[in-house]
Amino acid sequence: EAGVAQSPRYKIIEKRQSVAFWCNPISGHATLYWYQQILGQGPKLLIQFQNNGVVDDSQLPKDRFSAERLKGVDSTLKIQPAKLEDSAVYLCASSSYLTSGHEQFFGPGTRLTVL
Amino acid sequence: AQTVTQSQPEMSVQEAETVTLSCTYDTSENNYYLFWYKQPPSRQMILVIRQEAYKQQNATENRFSVNFQKAAKSFSLKISDSQLGDTAMYFCAFMFRNEKLTFGTGTRLTIIP
């Protein structure tokens, strides 16, 4: 079974620029998550989708971050404009309660550096 | 809001020894789930072990076991016969109903040959 795919793996941008990350979850997984992991901290949930609907986006900075999952499969996370404090690893995860209970499967992450 | 605390930022142990990683959490809920995730250097995060709060029996997965103390809100991970491949960041995580994971700050574990 293929795992969660993310691209790009690394991105360096200057502050005030825009950036987008892509995630393709494990086939059949209805739930998709985006986490932000700042260096030295644990991952923090930004947004959770169930199919193509948003379940939780309470910690998403909506003035600059946006995410979509149009067909209930892959997802994009966008930052516009980026700030220095957005430097982090952005992790995508997916899950299917029917096949694996509450286990979340993580992708390799996108490491973003904002200069 | 739930919080997860890992008080050991770094630990190291000799290969083949046993090591215990600590985790405490705070919640007012009764039914929830606890997890230990492993994040090896430059590799993706994977699940090590999980515990359902309604189960009194501690979970075990081969060399990995937990000591779950619900009243004390403590959830420690024991790694027996440690191996070089166990070197990683270990995150304790809490989940309640809505499937959102709340992570601790992690413990960096180094296995010394």
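All of these numbers come straight from a predicted model, not from anything done at the bench.

## Overview of the interface of chain A and chain B
Consideration 1: Every contact between the two is made by 21 residues of chain A and, on the other side, 17 residues of chain B.
Consideration 2: Taken together, the two surfaces of chain A and chain B that pack against each other cover about 1700 Å², and 48% of this comes from carbon and sulfur.
Consideration 3: Broken down residue by residue, the surface that chain A buries against chain B is led by H102(A), E103(A) and F106(A), which jointly contribute 36%.
Consideration 4: Put simply, chain A and chain B have one salt bridge between them.
Consideration 5: Its salt-bridge partner being E103(A), residue R50(B) comes within 3.3 Å of it at the nearest N-O pair.

## Notes on the sheet that holds strand β3 (residues 19-24) of chain A
Residue and element names in this part refer to chain A.
Consideration 1: Taking strand neighbours across the sheet as the criterion, the four strands line up as β1-β3-β8-β7 in an open arrangement whose pairing is antiparallel. The open sheet has two edge strands, β1 (5-7) and β7 (65-68), and neither has a second partner. Ignoring strand direction, the axes of neighbouring strands in this sheet form an average angle of 15°.
Consideration 2: Where β7 meets strand β8 (residues 75-79), four bridges bridge the pair, whose relative direction is antiparallel. If you follow F65 over to β8, its bridge partner there is I79.

## Section: the packing of aromatic side chains
Consideration 1: One pass over the full model with this rule turns up 15 aromatic pairs over all chains.
Consideration 2: With 5.6 Å between their ring centres and 40° between their planes, Y35(A) and F106(A) make a pair best called tilted. Highlighted residues: Y35(A) in strand β4 (residues 31-37) and F106(A) in strand β10 (residues 105-106), separated in sequence by 71 residues.
Consideration 3: Taking relative accessible area as the criterion, Y35(A) reaches 0% and is therefore assigned buried.
Consideration 4: Overall, F106(A) belongs to the buried group, its relative accessible area being 3%.
Consideration 5: Their ring planes at 80° and their centres at 6.3 Å tell us that F68(B) and F75(B) sit as a pair that is edge-to-face.
Consideration 6: The class of F68(B) is buried, set by a relative accessible area of 8%.
Consideration 7: Counting every residue linked through ring pairs, the aromatic cluster contains Y33(A), Y35(A), F106(A), F35(B), Y37(B), F91(B) and F103(B).

## So, the layout of surface pockets
Consideration 1: In this structure, the largest pocket occupies an estimated 730 Å³ of space.
Consideration 2: In this structure, the largest pocket is lined by 33 residues; those nearest its centre are Q37(A), L39(A), V89(A), R111(A) and Q39(B).
Consideration 3: If you list the elements that add at least two residues to the lining of the largest pocket, you get β9 (88-95) and β11 (110-114) of chain A together with β10 (88-95) and β12 (107-112) of chain B.
Consideration 4: With four residues, β11(A) is the single largest residue contributor to the lining of the largest pocket.

## As for the pattern of salt bridges
Two side chains that carry opposite charge are able to pair once their charged atoms sit near each other.
All names here are of chain B.
Consideration 1: Under the criterion given, the structure shown has six salt bridges over all chains.
Consideration 2: For the salt bridge of K73 with D26, the shortest nitrogen-to-oxygen distance reads 3.6 Å. Here the residue K73 occupies a position in the loop between β8 (64-69) and β9 (74-79), and D26 occupies one in strand β4 (residues 24-26), the gap between them amounting to 47 residues.
Consideration 3: K73 sits in the partly exposed class, given a relative accessible area of 25%.
Consideration 4: Owing to a relative accessible area of 41%, D26 belongs among the partly exposed residues under this scheme.

## Observations regarding unusual backbone geometry
Generally, phi is negative for residues other than glycine and the peptide bonds are trans, each holding for most cases.
Consideration 1: P8(A) follows S7(A) through a cis peptide bond whose omega is -10°.
Consideration 2: Summarising the element assignment, P8(A) is placed in the loop between β1 and β2 (10-13).
Consideration 3: Cis peptide bonds are those with omega within 30 degrees of zero, and the linkage from Q80(A) to P81(A) qualifies with -5°.
Consideration 4: Checked against the element boundaries, P81(A) lands in the loop between β8 and β9.
Consideration 5: Here the phi dihedral of N51(A) falls at roughly 55°; this positive angle occurs in a residue that is not glycine.
Consideration 6: Residue placement: N51(A) occurs in the loop between β5 (44-50) and β6 (53-56).
Consideration 7: For K73(B), which is not a glycine, the phi torsion comes out positive at approximately 55°.

Scoring rules and cut-offs
- Residues numbered from 1 in each chain as written.
- Chains lettered and ligands numbered in written order.
- Predicted model: local features only at pLDDT ≥ 70, side-chain atom pairs only at ≥ 80, totals over all residues.
- Heavy atoms only, no water.
- Contact = heavy atoms within 4.5 Å.
- Buried area = accessible area lost by both parts, 1.4 Å probe.
- Salt bridge = Lys/Arg side-chain N within 4 Å of Asp/Glu carboxyl O.
- Pairing = 2+ DSSP bridges.
- Helix = DSSP H or I, 4+ residues; strand = E, 2+ residues; numbered from the N terminus.
- Axes fitted to C-alpha atoms, helices over the stretch in contact; angles between N-to-C directions.
- Phe/Tyr/Trp six-rings, centres within 6.5 Å; stacked < 30°, edge-to-face > 60°.
- Buried < 20%, exposed > 50% of the residue type's maximum accessible area, 1.4 Å probe, protein only.
- 1 Å grid on protein atoms, 1.4 Å probe; cavity = no way out; pocket = protein on both sides within 12 Å on 5 of 7 lines; lining within 4 Å.
- Points joined across faces, edges and corners; volume = space filled by probe spheres on them.

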